[in-house]
Amino acid sequence: MHRGYLKALEKLGVQNGGRLIDKTIIVDFLMANFDRHTHNFGLIRDAEELDGCRIAPLFDHGCGFYSRATTTELEQGCYLWESHPFREYPSQQLALVEDFNWYDPSALGDFEDIIAEVYGENPETNERFIAAVQKQTRAQIATANALAAERGIIVPDW
């Protein structure tokens, strides 16, 4: 499915299709988005000429950031979710990423603080859950960083 989608993008003339799908996979991994399925990718084309396809910005993240996780699952590190577009599990999906040249882990420096701030806006979200999401997000970032380091793109210093 992954190779087929990349070939279709190439056939449509989408520039940097592989890199953009790699970015989507990484973003979904970091956000624990389990709702990226085959009908959840978009293409945009020129409305006048009906050509010039490009990948649409990411959308539909309502099933991300551990929206179905319990605090206990996150604290114990046993929350698992499935990914849908190309492989069953996020780690398998992450292994499909070929291009890490764009990846900059320093850009994620305050990511977990932003998550806490957004979650904190909801008075129904307790501090334990927020802390557990932050912990899991740190683990997701470490996994992405390790893969980037394994591919020789970044030097591990985290």
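Small disclaimer: the values here were computed from a predicted structure and weren't measured.

Cut-offs applied
- Residues numbered from 1 in each chain as written.
- Predicted model: local features only at pLDDT ≥ 70, side-chain atom pairs only at ≥ 80, totals over all residues.
- Heavy atoms only, no water.
- Helix = DSSP H or I, 4+ residues; strand = E, 2+ residues; numbered from the N terminus.
- Buried < 20%, exposed > 50% of the residue type's maximum accessible area, 1.4 Å probe, protein only.
- Expected span 1.5 Å × (residues − 1).
- Polar contact = N/O pair within 3.5 Å; in protein donor to acceptor, adjacent residues only side chain to side chain.

Within the chain, Asn 16 stands out as a residue other than glycine whose phi angle is a positive 60°. With respect to the helices and strands, Asn 16 occurs in the loop between helix H1 (2-11) and helix H2 (17-31). The phi torsion at Phe 65 lies on the positive side, around 50°, for a residue other than glycine. Looking at the secondary structure, you find Phe 65 in the loop between strand S2 (54-55) and helix H3 (71-75). Of the residues examined, Phe 65 reaches a relative accessible area of 21% and is grouped as partly exposed.

For helix H6 (residues 127-150), built from 24 residues, the straight-helix expectation of 34 Å at 1.5 Å per residue is met to within 8% by its first-to-last C-alpha distance of 34 Å. You can read the cap of H6 off the contacts: a side-chain oxygen lies 3.1 Å from the backbone nitrogen of Arg 128, and it is on Asn 126. Positioned one or two residues after H6, Gly 152 has a phi angle of 75°, which is positive.

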